[in-house]
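Per-entry structural report
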Amino acid sequence: MTDPILKISSFSGGFAKETGDVTQILYDVSYALERGKLTAVVGETGSGKSVTALSVLGLHPPSFRHISGSICFDGIDLTSVDARELHKLRGSRISMVFQDARAALNPVFTIGRQLADTYRLHHGGSRRAAMEHAIEALRRVHIPEPESRAKQYPHEFSGGMAQRAMIAMAALICTPDLLILDEPTTGLDVTTQAEIMDLVLGLARERALTVCLITHDLGVVAETCDHVVVMNRGHVVETGSTEQIFTAPQNDYTQRLLAASQLSEAAE
Ligand SMILES: Nc1ncnc2c1ncn2[C@@H]1O[C@H](COP(=O)(O)OP(=O)(O)OP(=O)(O)O)[C@@H](O)[C@H]1O
Ligand SMILES: [Mg+2]
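Keep in mind that what you see is a predicted model, and the values were worked out from it rather than measured. (Residues numbered from 1 in each chain as written. Chains lettered and ligands numbered in written order. Predicted model: local features only at pLDDT ≥ 70, side-chain atom pairs only at ≥ 80, totals over all residues. Heavy atoms only, no water.)

1. Notes on the site of ligand 1
The local shell around ligand 1 holds 13 residues, among which Thr45, Gly46, Lys49, Ser50 and His216 are the closest. A distance of 2.8 Å is found between an oxygen atom of ligand 1 and a backbone nitrogen or oxygen belonging to glycine 46. In this structure, an oxygen atom belonging to ligand 1 sits 3.3 Å away from a side-chain N or O atom of glutamate 183. A total of 640 Å² of accessible area belongs to ligand 1 in isolation, and the protein chains cover 61% of it. (Near = heavy atom within 4 Å. Polar contact = N/O pair within 3.5 Å; in protein donor to acceptor, adjacent residues only side chain to side chain. Areas by Shrake-Rupley, 256 points an atom, 1.4 Å probe, with all protein chains shown as cover.)

2. What to know about the sheet that holds strand 1 (residues 6-16)
Reading across from one edge, 2-1-4-5 is the order of the four strands in this open sheet, with antiparallel pairing throughout. With partners counted over all chains shown, the strands left at the sheet margins are strand 2 (22-33) and strand 5 (76-77), one partner each. (Pairing = 2+ DSSP bridges. Helix = DSSP H or I, 4+ residues; strand = E, 2+ residues; numbered from the N terminus.)

3. Re the pairing of strand 1
Pairing geometry for strand 1 and strand 2, over eight bridges, is antiparallel. When the sheet's bridge partners are listed, phenylalanine 15 is paired in strand 2 with threonine 23. Joining the antiparallel neighbours strand 1 and strand 2 is a turn of five residues, in which glycine 20 adopts a positive phi near 100 degrees. Where strand 1 lies against strand 4 (residues 64-73), eight bridges are found, and the strand directions are antiparallel. Across the sheet, the residue bridging to glycine 13 is histidine 66, located in strand 4.

4. A look at the nonpolar core
Residues Val42, Val141 and Leu179 are the most contacted members of the largest nonpolar core, which totals 53 residues. Setting aside residues no more than four positions away along its own chain, leucine 179 makes contact with Ser95, Val97, Ala170, Ala171, Val200, Leu209, Thr210, Val211 and Cys212. In this structure, Phe11, Leu33, Ile71 and Phe73 belong to the second largest nonpolar core, which totals 28 residues. (Core = buried A, V, L, I, M, F, W, Y, C linked by side-chain atoms within 4.5 Å. Buried < 20%, exposed > 50% of the residue type's maximum accessible area, 1.4 Å probe, protein only. Contact = heavy atoms within 4.5 Å.)

5. As for the side chain of threonine 39
Position of threonine 39 relative to the elements: it lies in strand 3 (residues 38-42). A relative accessible area of 1% means that threonine 39 is categorised as buried. Excluding its chain neighbours within four sequence positions, the residues that come into contact with threonine 39 are Leu33, Val211, Cys212, Leu213, His227 and Val229.

6. A look at the environment of valine 22
As for its position among the elements, valine 22 is in strand 2. Along the primary structure valine 22 and serine 63 are separated by 41 residues, whereas in three dimensions their C-alpha atoms are 9.1 Å apart. Not counting the four nearest positions on each side in its chain, valine 22 is found in contact with Gly14, Phe15, Ala16, Arg65 and Ile67.

7. Some remarks on the sheet that holds strand 8 (residues 210-214)
Reading across from one edge, 6-7-8-3-9-10 is the order of the six strands in this open sheet, with mixed pairing throughout. What marks the edges here is a single partner per strand, and that holds for strand 6 (94-97) and strand 10 (235-241). Between one strand and the next, the sheet's axes are offset by a mean angle of 15 degrees, whatever the strand orientation. For strand 6 and strand 7 (residues 178-182), the ladder comprises four bridges, and the chain directions are parallel. Considered in strand 7, the bridge of isoleucine 94 is made with leucine 178. Contacting strand 6 and strand 7, helix 7 (residues 159-173) runs over the sheet at an angle of about 175 degrees to strand 6. (Axes fitted to C-alpha atoms, helices over the stretch in contact; angles between N-to-C directions.)

8. Some remarks on the packing of aromatic side chains
Describing an aromatic ring pair means giving the distance of the ring centres and the angle of the ring planes. As enumerated under the stated definition, the model contains two aromatic pairs in all. Ring geometry for phenylalanine 11 against phenylalanine 64: centres 6.2 Å apart, planes inclined by 20 degrees, an arrangement best described as stacked. Remark: phenylalanine 64 occurs in strand 4 and phenylalanine 11 occurs in strand 1; sequence separation between them is 53 residues. Grouping residues by exposure puts phenylalanine 11 and phenylalanine 64 together as buried. Ring geometry for phenylalanine 15 versus phenylalanine 64: centroids 5.6 Å apart, planes at 75 degrees, classification edge-to-face. A residue pair is termed long-range when its members are at least 10 positions apart, and phenylalanine 15 in strand 1 and phenylalanine 64 in strand 4 qualify at 49 residues. Accessibility expressed as a relative area gives 6% for phenylalanine 64, which makes it buried. Taken together, the aromatic side chains of Phe11, Phe15 and Phe64 make up a single cluster linked through ring pairs. The ring of phenylalanine 157 carries the charged tip of arginine 149 above its face, separated from the ring centre by 5.7 Å. (Phe/Tyr/Trp six-rings, centres within 6.5 Å; stacked < 30°, edge-to-face > 60°. Lys NZ or Arg CZ within 6 Å of the ring centre and 35° of its normal.)

9. Notes on the pattern of salt bridges
The final tally for this structure, using the stated rule, is nine salt bridges. A salt bridge links arginine 164 to glutamate 195, with the nearest nitrogen and oxygen atoms 2.9 Å apart. With arginine 164 in helix 7 and glutamate 195 in helix 8 (residues 190-206), this pair connects stretches of sequence that are 31 residues apart. (Salt bridge = Lys/Arg side-chain N within 4 Å of Asp/Glu carboxyl O.)

Structure (structure tokens):
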């Protein structure tokens, strides 16, 4: 792989207990994201997919302890930069869409205001111009009547709409190089899931973003992703091109994961 935008190398970490001991949950996690490509991170619940991704942005829970290893973004070791530097990278170069968008939005400001404020933070300009960009971004993610929707608060949005607003924020208002999607459609109905996936991957392609997609949906992975990282119990057990992983999985766990997903598809 030539010059990946993100390289996680032997990253280990855990959570501090009240006694001060650390329970390790990530063991020498290594994977890289190739520029302009879509990489999926898969693996059963609790395998460390989210904690690893949150560590990229320095957004892991406060009790997380970094034990060893590095996370290198475009030549910058994110495990050794200070909070201000990370804050600067967030949104400007790396952005993330979480599973529960409504929880990630601020309940006390209107959607339009949140998008407009973030726009001004990154690009400057007047409040009025920023609000126009916010409304345009809502339109691009197919929110109907974006002018009046912009005046609403997060609790007035449905789950699917809040997810669209977050995608507008992460991919249009921010202009990142790397977009991390942590199960961006979980909890939505199947039709909305498919629409939102199309939308976000369409935007990513249009902007040549590097995407890291954390998902349980192996169907989406097979259809859309270039590379796959398989995690199990805090370890990366296998990485490869989507074709390699789906046609010739080497690791036992990967084989079981694929077999289980085929069983569930057959049962539908
Ligand atoms: N705040 C926390 N305190 C202690 N342990 C935590 C905390 N957050 C996560 N963990 C533990 O870290 C491990 C990895 O969790 P993580 O959320 O990364 O899993 P995941 O692969 O994203 O799972 P899922 O598919 O369910 O989202 C799990 O064992 C989890 O219980
Ligand atoms: Mg997770």
